[in-house]
Amino acid sequence: MEVIHKIGRRKTAVARVYVSEGKGNITINKKDLNVYFPTATLQYKVKQPFALTSNDDNFDVKVNVYGGGITGQAEAIRLALSRALCEMDAEHRLVLKPEGLLTRDPRMVERKKFGQKKARKKFQFSKR
């Protein structure tokens, strides 16, 4: 099996994932998964596609991720891994699609408008 390259995005985070056969090592920005994502919740999000398809220790993963916060980065990695698993075996799509792991979440931060305090909030109106 050759290396499979996929891209996942979430908010402003972009993850490039390289999946190859191996022992289950996950490296993110040249750091181990447990070092880069210290909380169990984020580690679970990254490993979720492998857990659902029963491929926990079959593949080595190298990830380059930038932009956004840690949650957005974890979800971007999850999307890229799901896409890579679908390319390996079309049967995985039947498991990942109902869980919503193949859907790119389009929600982004709305920009601030001029003459306003934030995107929607206005300056306080005072009548004197």
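Calculation rules
- Residues numbered from 1 in each chain as written.
- Predicted model: local features only at pLDDT ≥ 70, side-chain atom pairs only at ≥ 80, totals over all residues.
- Heavy atoms only, no water.
- Helix = DSSP H or I, 4+ residues; strand = E, 2+ residues; numbered from the N terminus.
- Expected span 1.5 Å × (residues − 1).
- Bend = angle between axes of the 7 residues up to and from the residue.
- Buried < 20%, exposed > 50% of the residue type's maximum accessible area, 1.4 Å probe, protein only.
- Contact = heavy atoms within 4.5 Å.
- Salt bridge = Lys/Arg side-chain N within 4 Å of Asp/Glu carboxyl O.
- Pairing = 2+ DSSP bridges.
- Axes fitted to C-alpha atoms, helices over the stretch in contact; angles between N-to-C directions.

J.: Help me understand helix 2 (residues 40-52), please; the structure alone is not making it clear to me.
T.: Every α-helix winds through 3.6 residues per turn, so residues three or four apart in the chain are directed the same way. The terminal C-alpha atoms of helix 2 lie 17 Å apart, and with 13 residues this matches the ideal 18 Å at 1.5 Å per residue to within 8%. At valine 46, helix 2 shows its maximal kink, close to 45°; a proline, proline 49, follows between one and four residues later. If you check which residues of helix 2 are buried, you get Leu42, Gln43, Lys45, Val46, Gln48, Pro49 and Phe50. Buried-residue contacts for helix 2 involve strand 3 (26-28), helix 1 (33-36), strand 5 (59-66), helix 3 (70-88) and helix 4 (91-99). Immediately downstream of helix 2, the backbone of serine 54 shows phi near 60°, a positive value.

J.: What should I look at first to understand the pattern of salt bridges in this one?
T.: For side chains bearing opposite charge, pairing can occur when the charged atoms are close. Scanning the model with the defined rule gives seven salt bridges in all. Put simply, lysine 6 and glutamate 87 hold a salt bridge, and the shortest N to O gap is 2.8 Å. Taken together, the residues lysine 6 in strand 1 (residues 4-10) and glutamate 87 in helix 3 connect sequence positions 81 residues apart. According to the relative accessible area criterion, lysine 6 is partly exposed, its value standing at 24%. Residue glutamate 110 is joined to lysine 113 by a salt bridge in which the shortest nitrogen-to-oxygen separation is 2.5 Å. Lysine 113 sits in the partly exposed class, given a relative accessible area of 24%. Among the ionic contacts, a cluster of salt bridges with common partners joins Arg10, Lys45, Glu75, Asp105 and Arg107.

J.: When you look at the sheet that holds strand 3 in this model, what are you seeing that I'm missing?
T.: Hydrogen bonds between backbone atoms are what pair the strands of a sheet, whose relative direction is either parallel or antiparallel. Ordered in space as 1-2-5-3-4, the five strands form an open sheet in which the pairing is mixed. Of all the strands in the sheet, the pair left with one neighbour each is strand 1 and strand 4 (31-32). Pairing of strand 1 with strand 2 (residues 13-21), which is carried by seven bridges, proceeds in the antiparallel orientation. If you follow isoleucine 4 over to strand 2, its bridge partner there is valine 19. Together, strand 1, strand 2, strand 3 and strand 5 form the strand contacts of helix 3, whose direction differs from that of strand 1 by roughly 145°.

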